[in-house]
Amino acid sequence: MRTVKKLSGIELSDWQGERVRLEALWKERPVVLVFIRHFG
Amino acid sequence: MRDQVDEIRARGGELVIVGNGSPNFAAAFREDFGLDGPLLVDPELRAYRAAGLRRGRVELLSPRLPRNALRALRSGSRQTGVQGDPWQLGGVFVIRPDWELTYRYTSREAGDHPPVGEILAALERDAEPISEVSATPDAQRWLGRALSRIVDPFIVSSFDRTGFRIHRLAFEAQDLDVDLSDKRCLISGANSGIGYETALALADLGAEVVLLCRNRERGEQAAQQIREQTGNARVFLELLDVSNLDSVRAAAARVSSGPVDVLIHNAGVLPDERFETDDGIELTLATHLVGPFLLTRLLQGNLEKSPDGRVIWVSSGGMYTRRLNLEDPNWSERDYDGVVAYAETKRAQVVLSELWAEALRGSSVVVNAMHPGWADTPSVKSSLPRFHRLTRNILRTPAEGADTVVWLAARLRARQSTGCFFFDREERRTHLLPFTRESEADRRALWELCERLSAEPSR
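In what follows, the accompanying structure is described. (Residues numbered from 1 in each chain as written. Chains lettered and ligands numbered in written order. Predicted model: local features only at pLDDT ≥ 70, side-chain atom pairs only at ≥ 80, totals over all residues.)

Considerations on helix α12 (residues 245-255) of chain B
Residue and element names in this part refer to chain B.
And step 1. Leu245, Val248, Ala251, Ala252 and Val255 are the residues of α12 that are buried. Projected down its long axis, α12 shows its buried positions confined to an angular sector of 125°, all on one face. Across from the buried face of α12, at angles greater than 90 degrees, the exposed residues are Asp246 and Ala253.
And step 2. Where the residues of α12 are buried, they touch β5 (184-188), β6 (208-213), β7 (235-239), α13 (283-305) and α18 (440-454). (Buried ≥ 20, exposed ≤ 12 C-beta atoms within 10 Å, placed from the backbone. Helix = DSSP H or I, 4+ residues; strand = E, 2+ residues; numbered from the N terminus. Arc of directions from axis to C-beta. Contact = placed C-beta atoms within 7 Å.)

Okay, here's the thing in structure tokens:
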């Protein structure tokens, strides 16, 4: 299964605790999704 | 960092950071780097795993920074540029509104940096999408087939890990580029070895996976591990002792409330001594044949409702040594030999698979059997310690053994074959020796035996 499809359905919290479905991130515009190693 | 965000926005994009910590740390991080864009937290590493930043690499990600690292991050990061460097990362992906991936970068070592220029180029309108799975080159497939012709006549160099590596050259990489999120797959004996690896791979392809296991604790542990490794929450346990017909009926009643697209008969035993189940059936006969027969029958309606139902029998290369034997299948007269009982019932599984394929011909369900080669699984180690000692350096990994099971369950267009026998993704002959061919009468007798032994007792 392709990465984009796999990511699309996942829901994460943003820094204020709001839930974000990942597919919403690239709905309007291209997104640079950066997974960082650290914080926390 | 700020400049890079501006450059991304100038190209119509947005930077989104995903971190593996808590929201508190995220807030601090955001403040520290003056980020005003989205910042997401993924403490369970679900997105990390979906992005392929998992297994080996997850270890790099998961050790949480100690609390005082936050202070170091705040005070020192901009000077040292190490701990808080946002580009010291797990990975970068550029995804467009048309769902195309135009950039992918996964860091291998701490401190790896992707070239920012390439990321910006991937945001341009004319950026080429990355093809994640490319077709296997013809030359490689040709080489794989040519080498296979050399090694396949020799059992050892074909069933062992060298055989897998050679056969793999001819595999079509695109076959497993599938999304199984609309499939529900049931696998018996899924808490270890080949069953576990199959469940793991199918969960990774997005399927809902039901592990059918005898032991609740071991089953739960396996399900939990698969959920963690794949980020797929739809991995469940159902208790089933396939050698016990009451247990088969109870499990079938529970799982049949949902769809069944793939049913994998994988559970196996190789006992030292003759053991009779509560139903009065010898253990290998019950586990490899009667139980799976009944389970298939009870789930037949569900499978037929699936647009693409599949039944897969995990047999064994050991079956090549035996003919289908219906004289004393319950070992009431013969001196017990577990290896013979195993090989005979594994031979019978191949025949039973063909019989089920015939029975279901014309429906949407295909039925196939396979053998995994020689794989280093917990069962081989405990049941065949001498074989394991002798061969352990040439054995396949359980995942290599599971490959053809996964392929049969997941590949597109499975409907072209039913009633076939596979090894390393190729259809194979079911007889290598002249004396193992069975008669038509014996084939019928096998079906009748399974029907008779699995019949509900008249009370």
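Focus: the interface of chain A and chain B
And step 1. Taken residue by residue, the interface counts 31 residues in chain A and 55 residues in chain B.
And step 2. For the side of chain A that touches chain B, the secondary structure elements donating two or more residues are α1 (3-8), β1 (11-14) and β3 (31-36) of chain A.
And step 3. The element that contributes the greatest number of residues to the side of chain A that touches chain B is β3 of chain A, accounting for six residues.
And step 4. Considering only residue class, the side of chain A that touches chain B consists of 18 nonpolar, five polar and eight charged. (Nonpolar A, V, L, I, M, F, W, Y, C, P; charged D, E, K, R; others polar.)

Topic: unusual backbone geometry
All names here are of chain B.
And step 1. Unusually for a residue other than glycine, tryptophan 99 sits at a positive phi of about 65°.
And step 2. Relative to the helices and strands, tryptophan 99 is located in the loop between β3 (89-95) and β4 (101-106).
And step 3. Taking the C-beta count within 10 Å as the criterion, tryptophan 99 has 14 such neighbours and is therefore assigned partly exposed.

Considering the nonpolar core
And step 1. If you look at the biggest cluster of nonpolar residues, it comprises 88 residues, and the most contacted ones within it are Leu202 and Leu211 of chain B.
And step 2. The biggest single contributor to this core is α13 of chain B, with nine residues.
And step 3. Once you skip the residues sitting within four places of it in the chain, leucine 202 of chain B turns out to touch Leu180, Cys185, Ala207, Val209, Val406, Ala409 and Ala410 of chain B.
And step 4. Core analysis: the second largest hydrophobic core is formed by 40 residues, Ile10 and Trp26 of chain A together with Ile95 and Ala122 of chain B among them. (Core = buried A, V, L, I, M, F, W, Y, C linked by C-beta atoms within 7 Å.)

Side note on the packing of helix α10 (residues 193-204) of chain B against helix α17 (residues 398-410) of chain B
Helix-helix packing is described using two parameters, namely the angle between the two axes and the distance between the axes.
Residue and element names in this part refer to chain B.
And step 1. Closest axis-to-axis distance for the α10/α17 pair is 8 Å, and the angle between their directions is 50°. Our classification of the angle between α10 and α17 gives oblique. Once α10 is placed against α17, the crossing between them reads as right-handed. Of the residues in α17, those touching α10 at Gly193, Ile194, Tyr196, Glu197, Thr198, Ala201 and Leu202 are Pro398, Ala399, Gly401, Ala402, Val405, Val406, Ala409 and Ala410.
And step 2. Split into classes, the residues belonging to the contact of α10 with α17 amount to eleven nonpolar, three polar and one charged. (Axes fitted to C-alpha atoms, helices over the stretch in contact; angles between N-to-C directions. Parallel < 35°, antiparallel > 145°, perpendicular 65-115°, else oblique. Left-handed = near helix turned anticlockwise from the far one by under 90°.)

Digging into helix α9 (residues 161-169) of chain B
Helical geometry note: an α-helix holds 3.6 residues per turn, so side chains three or four residues apart project in the same direction.
And step 1. What α9 of chain B keeps buried is the set Arg161, Gly163, Phe164, Ile166 and His167 of chain B.
And step 2. Against α7 (138-151), α8 (155-159) and α17 of chain B lie the buried residues of α9 of chain B.

What to know about the sheet that holds strand β11 (residues 421-423) of chain B
Residues and elements named next belong to chain B.
And step 1. Spatially, β7-β6-β5-β8-β9-β10-β11-β12 is the arrangement adopted by the eight strands of the open sheet, whose pairing is mixed. A strand with exactly one partner marks an edge of an open sheet, and here the two such strands are β7 and β12 (426-427).
And step 2. Note that strand β8 (residues 262-265) and strand β9 (residues 310-314) share four bridges and pair parallel. Among the inter-strand pairings, leucine 263 is bridged to a residue of β9, identified as valine 311. (Pairing = 2+ DSSP bridges.)

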